[in-house]
Amino acid sequence: MSSNFTCFIITRKGIGIIERLSHSNWFYFILSFVMMDIAYSSLTNMVPWVDEVMFTDTPIHYVKGMGWTTHAWYSVAHQDPFLLYPPLYSMVMVLWMNIFGTTLIACRSLNLVVMLLIGCGLLRICRQMGIRMSLVHVSLLIVLLWRTDDMINMYSNGRPDLLGAAILVFIVGEMIHHRPIPIILLSALLFASGIQTVVYLFILLLLTLLLLNDYREEIKTLSVLSALGTLLGFLLVCAFMGYHDHLTAFVVNALSYSTSLMKLAMVTLPVLGDYLGFDTALYVEKIAGNTTDVPFYSRILEIYTHSAYVSLVGVAIFAFFSVHRKQEGSPVYSTMIFLFAVVLSIPLLMNLAGRFPTYYYWMAYLPLFLLVIILTGLTKGRRYHCIIGLFVLFLVIQGCVGSNRRQNYSEIERFMDRCTMLRNKSVVAPFSVFYEMERLSSDTYYLGVYPSRYLPHDIHYMILPQRDSDYGANRLYDYYDSINKSDSLQTVMVAESKAVGLKVFKILRR
């Protein structure tokens, strides 16, 4: 009996220690570092793709002393960096690369740190809202954040979207505290991280004005502070772009965010060019290339029918109907209604404002995670908790299956290690070999989207992928065909890897 009693005391004390640990930040960081380690081991599962290369090429050029330029974008002129409107990510990447290098693993690992910050911000918001963050709540937040399939795809590549998400989460935390200076400064950084995040912030503020009547005066003040910060960010970014001689390209790229603004720009830019005396044909051509013929309803249904989104919304609705009668009229009830409105309307509103591709899905998922955590704390009964647990388990399994779909990047590394003939040569290449080619040569052009008319005449080699295996492969083959049809040039294959579908050709004069 004494032994059983001792075991009971030890068990009870152990549970108490774990519970106290969960209320501190230690438990969050311990579990998050475990998730980071799992994520780090799978960063090479995804072969470099077009957007990642476009955002990473400019900071790599800057680190190499080549200025704020790029060889990886459908540049309109002067090697304008891709999507200049979010320069903050590229600037942070410059600092990151100076410390950790420019390998695929080094560059992608930045987003793991950003994910850690997003989790810290969400945990802070939960506590500010008065949610008792028990062991279960903290664990649920971390699992949803790190193991949902779409979130895995977002932090596993080199896009800048999550940096904007982290800044936005901390802005919301400062708004709850009503601290003016941090709101202004963070809003300025938000603009520098991406115009789409500013649009999202003002949609949130608009929904708050419409749904939370008791906080209208405060929200009006917060909106003014955010607008001031956004204006400051706009002026700082314009100064940065003007200093690097990319101001016009910045404005064009900002317009390219929205389909409606793109149509307007295609009409007004030629008139403006005639008035100011500069040729806008290349800018109009670039905007025209960005327009999409995908119907509006198809773009909306893309996320409304997405499996992870549907699963999380389903479990939130199920849990809501189990508690709404007891919570009706309470502040928590108003918060839940607001979060539901955000989650359900954001795909529609963001598409109306511009577009809502998969790498913006965090805009719906982060408030959805908060909603699920709140509802989990309010639901009573083992049956409800088991159903919520099954939904979360489904998402985790889906995320694990998706993240374990290995691609053949290790084969690409091995093949490129053998291509020593490319060192310090001028090369045209596909996006899949980006990190390996940057290690070999600074004069590499990724013709998947980079126009061939901007290529130098002294290209020494080109790398061809299988015709359907790489984004922009058709452009590479068109360039290859133009060489073979030339009276003065010809190609000779010098290396090949059937495992990854890559061929290296030397360009010779006839």
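Going by the structure above, here's the rest.
Just so you know, these numbers come straight off a predicted model, no measurement behind them. (Residues numbered from 1 in each chain as written. Predicted model: local features only at pLDDT ≥ 70, side-chain atom pairs only at ≥ 80, totals over all residues. Heavy atoms only, no water.)

## A word on the layout of surface pockets
- As a volume, the largest pocket reaches approximately 1200 Å³.
- As for the largest pocket, its lining consists of 43 residues, and the residues nearest its centre are M129, I176, L212, T335 and F338.
- For the lining of the largest pocket, the secondary structure elements donating two or more residues are α6 (110-128), α9 (161-177), α11 (195-211), α12 (216-243), α18 (331-353) and α19 (362-378).
- Considering each element in turn, the lining of the largest pocket owes the most residues, eight residues, to α19.
- Per-class residue counts for the lining of the largest pocket are 31 nonpolar, nine polar and three charged. (1 Å grid on protein atoms, 1.4 Å probe; cavity = no way out; pocket = protein on both sides within 12 Å on 5 of 7 lines; lining within 4 Å. Points joined across faces, edges and corners; volume = space filled by probe spheres on them. Helix = DSSP H or I, 4+ residues; strand = E, 2+ residues; numbered from the N terminus. Nonpolar A, V, L, I, M, F, W, Y, C, P; charged D, E, K, R; others polar.)

## Let's talk about the sheet that holds strand β1 (residues 427-429)
- Pairing is mixed in the open sheet, where five strands are placed in the order β2-β1-β3-β5-β4. Strands with a single pairing partner mark the edges of an open sheet, and in this sheet they are β2 (444-446) and β4 (489-497). The sheet shows a mean angle of 25° between the axes of neighbouring strands, direction not considered.
- Sheet topology places β1 next to strand β3 (residues 461-465); two bridges connect them, and they run parallel. Following the sheet pairing, V427 is matched in β3 by Y461.
- On the sheet, helix α21 (residues 409-418) packs against β3, β4 and β5 (502-509) and is oriented at approximately 125° with respect to β4. (Pairing = 2+ DSSP bridges. Axes fitted to C-alpha atoms, helices over the stretch in contact; angles between N-to-C directions. Contact = heavy atoms within 4.5 Å.)

## Focus on helix α3 (residues 50-63)
- In a regular helix each residue adds 1.5 Å, so 14 residues correspond to 20 Å; α3 covers 20 Å between its end C-alpha atoms and thus fits that length.
- A maximum bend of about 30° is found in α3 at T56, where proline P59 lies one to four positions downstream.
- For α3, every residue scored as buried is listed here: V50, D51, E52, V53, M54, F55, T56, D57, T58, P59, I60 and H61.
- Buried residues along α3 sit against α4 (87-100), α5 (104-108), α22 (434-440) and β2. (Expected span 1.5 Å × (residues − 1). Bend = angle between axes of the 7 residues up to and from the residue. Buried < 20%, exposed > 50% of the residue type's maximum accessible area, 1.4 Å probe, protein only.)

## Some thoughts on the pattern of salt bridges
- Evaluated as defined, the whole model comprises 10 salt bridges.
- Between R159 and D51 there is a salt bridge; the shortest N-O distance is 2.7 Å. Residue R159 is found in the loop between α8 (149-155) and α9, and its partner D51 is found in helix α3; the two are separated by 108 residues along the sequence. For the pair shown, R159 and D51 are each scored as buried.
- Measuring nitrogen to oxygen at the nearest pair gives 2.8 Å for the salt bridge that ties R439 to E436. Here E436 and R439 lie together in helix α22, a separation of three residues that amounts to about one turn.
- Several salt bridges converge on common partners, so that one network encompasses D51, R159 and D161. (Salt bridge = Lys/Arg side-chain N within 4 Å of Asp/Glu carboxyl O.)

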